[in-house]
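Chains, contacts and geometry: an overview
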Amino acid sequence: MFKIKPSIKRLLPKGKQSSQSNDDPLTDESQLTGLIKHISQENEEYNTLTQLPNRYYSREAIKKWIHEHEQKQKSFACFYINVDGLNQVNTNFGYEVGDVVLKKTAEKMKQVMNEKGVLFHIGSDEFIALVKHLPNQADYYQFAQQVVKATELPIKIASYDVYITLSVGISVFSVDSVDHHSLVSNAHTALKYSKQTGKGSYQIYAPNKNIESFKLFQLENDIRHALSKQQIYIEYQPRISPITERVLGAEALIRWDHPEWGVISPAEFIPVAEANVKVLQQIDDFLLRSVCEQINTWQQQGISQTVISINLSPKRFMMTDLVDKIESYIREFKISPAMLEIEVTEGALLPSKKIVEQHLKRLQAIGVCIALDDYGTGYSNVQYLKQFPIDTIKIDREFTRHIADNEQDAIIIKSIIDLAKGLNKRVVAEGIETKDQLDMIKKFKCDEIQGYLYSESVDSEQMGEFFRKQIIPPKQPQVQPRRERRQYFRVQLPFSLRTQMTILSFNDKPVSLGSSEVFVQDIGLGGLRFLTHLRLKSHENIVYGFNTTIMNTNIHLSGKIVWQEENGKESFEYGVEFMIEESDRDVLAKLLNDMSVKIKQNPAFNEGDFVIE
């Protein structure tokens, strides 16, 4: 006879799941009460906390709306809304506070809806809103903005000010839509893209995705085979003493050399891998094993370094085999555990503190060092420094990049360093790129630094050379004149020209995509130069299309990216070579000549879709 034990995790609402395993019996009275409450709630039409109609009622309502709007041949919108960070509120303040926050957030949204729509509470932190017919899609955007803004003010609970943001995905129903399943699914897809752009964002679903979405789709498909195709590799960035300039260690940085999109950073592809637990585990284990093997290789070459730090995905800390894997690699390659430092972020600590704490204590017990990465960008909970066995604190580049010219950032960094010193922990400042930043870090007596001022990330061979030299001096600033890359004259624009860019063909196959906004800096008969947050690659088999307005003339151009440069964090510059017929080039020449004359006559020329700074 088989015994079936109910699974708390499977039945409890999202955000209120037990930390017990799925095989644990129901022994906690509060859990059992919550389970009974959840089951009874699903059999009702209204959520007992927010008093809003729930998921099951929403399905019938959507079907009814579709039928009515089909008859009228009018559109309406489905908003899929997620309350950002509710799980963190529950973790930090408790579920009672979380429930109050959720209830008050629902009340704010309901006030905005008023007579324009109906709100449903379909899950712990998820809502659906049906929004009545509006004249065009821009109106749905504006209404989503109103909903998001309504929750921006803090919710006061006892002595706390709790800040909540919303992410919204929008799907618009029209007479050619299929059914309520596709309407909700499309809104949920748009929500995913919304969350990728940052909290408090809203996106509308479109079958023809823009470049970001197209790239994401490609990465989601290709990540599964990246390891087997040997596209994943590791580089190392040295960690330096700011006082002695001695190489103290390095951070291992994983990279993906995608055949079409070029080198992709872990910040971009690890979130993609996290959607597939097996792929994520394979990538993190590849990183761990490769680093241990490389340390062994350096030892055989007579190189001894202090520590190599490894940044694992937060989700890897949720897996029970993590410490066993690390121990097995240490034994396999006969290295000292003290040569490894495992980096953990606050994001990894929040979801399941107990299992992460167990992992970290086991690692520290065998001699592995622990670093808290990106300190200062999350909740910066001082309690973590007491509760978890942290040896090193790493200050995020978001603070160090402005340390020389922003007094508040300087004060924050000094406070973190002083706190760490008082707790007998080492401090590493990331993102040091200028002499002024270095001088401030020295003044604050920071232990170690990383950054382009000393070295970008390098391969293992070059890192070995750094270890042999032991000392790395800072680079001397050099100003290199921009190379002239075009044979035709170019017009330097007085302001950035807002331009819509899309992909016309990919690997010699035509594609139909939406557009992404970029900013053209100059343009000539041979090509143009633009700035964007997108990380692209010069590739023979990708043809881009550009659409903009100059002097009341709409221009449509196509070409290939032939060079790229990184201007700073999340800022990239690209050069495009046009693919253009001579007759079209003649037309463009006249337009550019006229514009050039007007710019000389008026340096503030702005006849076009310019961004006036």
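Residues numbered from 1 in each chain as written. Predicted model: local features only at pLDDT ≥ 70, side-chain atom pairs only at ≥ 80, totals over all residues. Heavy atoms only, no water.

1. Brief notes about the overall build of the protein chain
Short version of the rule: A run of DSSP states H or I qualifies as a helix once it reaches four residues; a run of E qualifies as a strand once it reaches two. Both are numbered from the N-terminal end. Think of it in three bands: residues with accessible area under 20% of the maximum for their type are buried, residues over 50% are exposed, and the middle band is partly exposed, with areas taken using a 1.4 Å probe on protein chains only. Note on contacts: a residue pair is in contact if any heavy atoms of the two residues lie within 4.5 Å. Using a 1.4 Å probe, the Shrake-Rupley method yields the accessible areas, and only the shown protein chains count as cover for residues.
Scanning the protein chain for helices and strands turns up 19 helices and 24 strands. With 613 residues in all, the protein chain has 48% of them scored as buried. Excluding contacts between residues fewer than 6 apart, the proportion of contacts in the protein chain whose partners are at least 24 apart in sequence is 66%. Counting every atom, the protein chain has about 30900 Å² of accessible surface; 49% of that belongs to carbon and sulfur.

2. Quick notes on the environment of Q299
Turning to its location among the elements, Q299 is positioned in helix α10 (residues 277-300). Here the alpha-carbon distance between Q299 and K334, two residues 35 residues apart in the chain, equals 10.0 Å. In this structure Q299 touches K334, I335 and M339, once residues within four positions along its chain are discounted.

3. Quick notes on the side chain of S167
Using the following cut-off: Think of a polar contact as two N or O atoms within 3.5 Å of one another; within protein, one of them needs to be a possible hydrogen donor and the other a possible acceptor, and neighboring residues in sequence only count if both atoms come from side chains.
Examined against the element boundaries, S167 turns out to sit in strand β6 (residues 165-173). Engagement of the side chain of S167 in a polar contact is seen with the side chain of D84, the distance being 2.9 Å.

4. Things to note about the nonpolar core
Note the cut-off: By nonpolar core is meant a set of buried Ala, Val, Leu, Ile, Met, Phe, Trp, Tyr and Cys residues that side-chain atoms within 4.5 Å join together.
Residues V291, L340, I342, F530, L536, Y544 and M595 are the most contacted members of the largest nonpolar core, which totals 121 residues. If we skip the residues at most four places from it in the chain, L536 touches I211, W261, M501, F530, Y544, I561 and Y574. Counting 31 residues, the second largest nonpolar core, distinct from the first, contains A77, L86, A106 and F127.

5. Notes on helix α9 (residues 266-273)
A turn of α-helix holds 3.6 residues, and therefore any two residues three or four places apart point the same way. Worth spelling out the cut-off: Taking the helix axis as origin, the arc is that swept by the directions to the C-beta atoms.
Those residues of α9 not exposed but buried are F269, I270, V272 and A273. Projected down its long axis, α9 shows its buried positions confined to an angular sector of 155°, all on one face.

6. Side note on the sheet that holds strand β1 (residues 76-84)
Whether parallel or antiparallel, the strands of a sheet pair through hydrogen bonds between backbone atoms. How we decide: Pairs of strands are assigned from DSSP output, requiring at least two bridges between the strands. Inter-axis angles, ranging from 0 to 180 degrees, are taken between N-to-C directions of lines fitted to C-alpha atoms, where helices are fitted over the stretch in contact.
Read from one edge of the open sheet, five strands run β2-β3-β1-β6-β7, paired in mixed fashion. Of all the strands in the sheet, the pair left with one neighbour each is β2 (117-123) and β7 (202-204). Taken pair by pair, the neighbouring strands of this sheet meet at an average axis angle of 20°, ignoring direction. In this fold helix α3 (residues 55-72) packs onto β1, β2, β3 (126-131) and β6, with an angle of close to 145° to the strand it touches most, β2. Packed on one face of the sheet, helix α5 (residues 95-113) meets β1, β2, β3 and β6 and runs near 155° to β2.

7. Some words on the pairing of strand β21 (residues 542-550)
Across the nine residues that make up β21, a large majority, seven, are buried. Two elements, strand β17 (residues 490-506) and β21, share six bridges in a ladder whose sense is antiparallel. Across the sheet, I503 pairs through a bridge with Y544, a residue of β21.

8. Regarding the pattern of salt bridges
For the record, the criterion: A side-chain nitrogen of Lys or Arg and a carboxyl oxygen of Asp or Glu constitute a salt bridge if their distance falls within 4 Å.
The final tally for this structure, using the stated rule, is 30 salt bridges. D324 is the salt-bridge partner of R362, the closest N and O atoms lying 3.0 Å from each other. With R362 in helix α13 (residues 353-365) and D324 in helix α11 (residues 322-332), this residue pair connects regions lying 38 residues apart in the sequence. The class for R362 is partly exposed, based on a relative accessible area of 36%. With a shortest N-O distance of 3.3 Å, E327 and R362 are connected by a salt bridge. Of the two residues, E327 is situated in helix α11 and R362 in helix α13; the sequence distance between them amounts to 35 residues. Through salt bridges with shared partners, one network takes in R239, E341, R426 and E448.

9. Quick look at the side chain of R316
With respect to the element layout, R316 can be found in the loop between β11 (307-311) and α11. Looking at R316, its side chain comes within polar contact range of the side chain of D285, at 3.0 Å. Each residue touching R316, except ones within four places of it in the same chain, is listed here: L280, Q281, D284, D285, D321, L322 and K325.

10. A short note on unusual backbone geometry
Located in the positive-phi region is K334, a residue other than glycine, with phi close to 50°. Take K334: it is sitting in the loop between α11 and β12 (340-345). The backbone of Q470 shows a phi angle near 70°, a positive value even though the residue is not glycine. Tracing the chain through its elements places Q470 in the loop between α18 (460-469) and β17. Given the relative accessible area of 36%, Q470 is considered partly exposed.

11. Details of the packing of aromatic side chains
Heads up, the condition is: Stacked, tilted and edge-to-face are the three classes applied to pairs of Phe, Tyr and Trp rings, where Trp contributes its six-membered ring and a pair requires centres within 6.5 Å; stacked means planes under 30 degrees apart, edge-to-face means over 60, and tilted covers the rest.
Taken as a whole and assessed by the stated rule, the structure comprises twelve aromatic pairs. Centroid distance Y141 to Y202: 6.3 Å. Interplanar angle 55°. Geometry classified as tilted. Residue Y141 is found in helix α6 (residues 137-149), and its partner Y202 is found in strand β7; the two are separated by 61 residues along the sequence. Its relative accessible area of 29% is what places Y141 among the partly exposed residues. Grouped by ring-pair contacts, the aromatic residues W65, F76 and F173 constitute a single cluster.

12. A short note on the packing of α10 against α11
Test applied: Each angle receives one of four descriptions, namely roughly parallel if under 35 degrees, roughly antiparallel if over 145, roughly perpendicular if within 65 to 115, and oblique otherwise. By convention, the crossing between two helices is left-handed when the near helix turns anticlockwise from the far helix through less than a right angle, and right-handed when the turn is clockwise. Each residue gets one label: Ala, Val, Leu, Ile, Met, Phe, Trp, Tyr, Cys and Pro are nonpolar, Asp, Glu, Lys and Arg are charged, and the others, such as Gly, are polar.
Their axes nearest at 9 Å, the elements α10 and α11 cross at an angle of 25°. The angle between α10 and α11 places the two elements in the roughly parallel class. Between α10 and α11 lies a crossing of right-handed hand. For the pair formed by α10 and α11, the contact residues are D285, L288, R289 and C292 on the first element and L322, K325, I326, Y329 and E332 on the second. Of the residues belonging to the contact of α10 with α11, the class tally is five nonpolar, no polar and four charged.

13. Thoughts on empty space enclosed by the protein
Any empty space left between atoms is shown by rolling a water-sized probe over those atoms. Note the cut-off: A 1.4 Å probe that fits but cannot get out identifies a cavity on a 1 Å grid over protein atoms alone, an open set with protein on both sides within 12 Å along at least five of seven lines counts as a pocket, and a residue lines either if it has an atom within 4 Å of a point. Grid points are joined across faces, edges and corners, and a volume is the space filled by probe spheres set on the points.
Overall, the coordinates contain one cavity of 30 Å³ or more when judged by the stated rule. For the largest cavity, the calculated volume is near 40 Å³. Lining the largest cavity are L497, T499, V520, I523, L528, F546, N547, T548, I555 and L557. Among the elements of the structure, β17, β19 (516-524), β21 and β22 (553-568) are those that each provide at least two residues to the lining of the largest cavity. Examining the composition of the lining of the largest cavity, we find that three residues originate from one element, β21, more than from any other. Partitioned by chemical class, the residues of the lining of the largest cavity number seven nonpolar, three polar and no charged.

14. Digging into helix α19 (residues 582-601)
Rule in force here: How far a helix is expected to stretch is found by multiplying one less than its residue total by 1.5 Å.
When the terminal C-alpha atoms of α19 are compared, their 29 Å separation across 20 residues agrees well with the 28 Å that a helix rising 1.5 Å per residue should span. If you check which residues of α19 are buried, you get R585, L588, A589, L591, L592, M595 and I599.

15. Brief notes about the environment of V511
Following the sequence through the fold, V511 ends up in the loop between β18 (509-510) and β19. For the pair V511 and V543, spaced 32 residues apart in the sequence, the C-alpha separation amounts to 10.0 Å. Beyond its immediate stretch of four places on either side in the chain, V511 contacts F214, I503, L504, S505 and F506.

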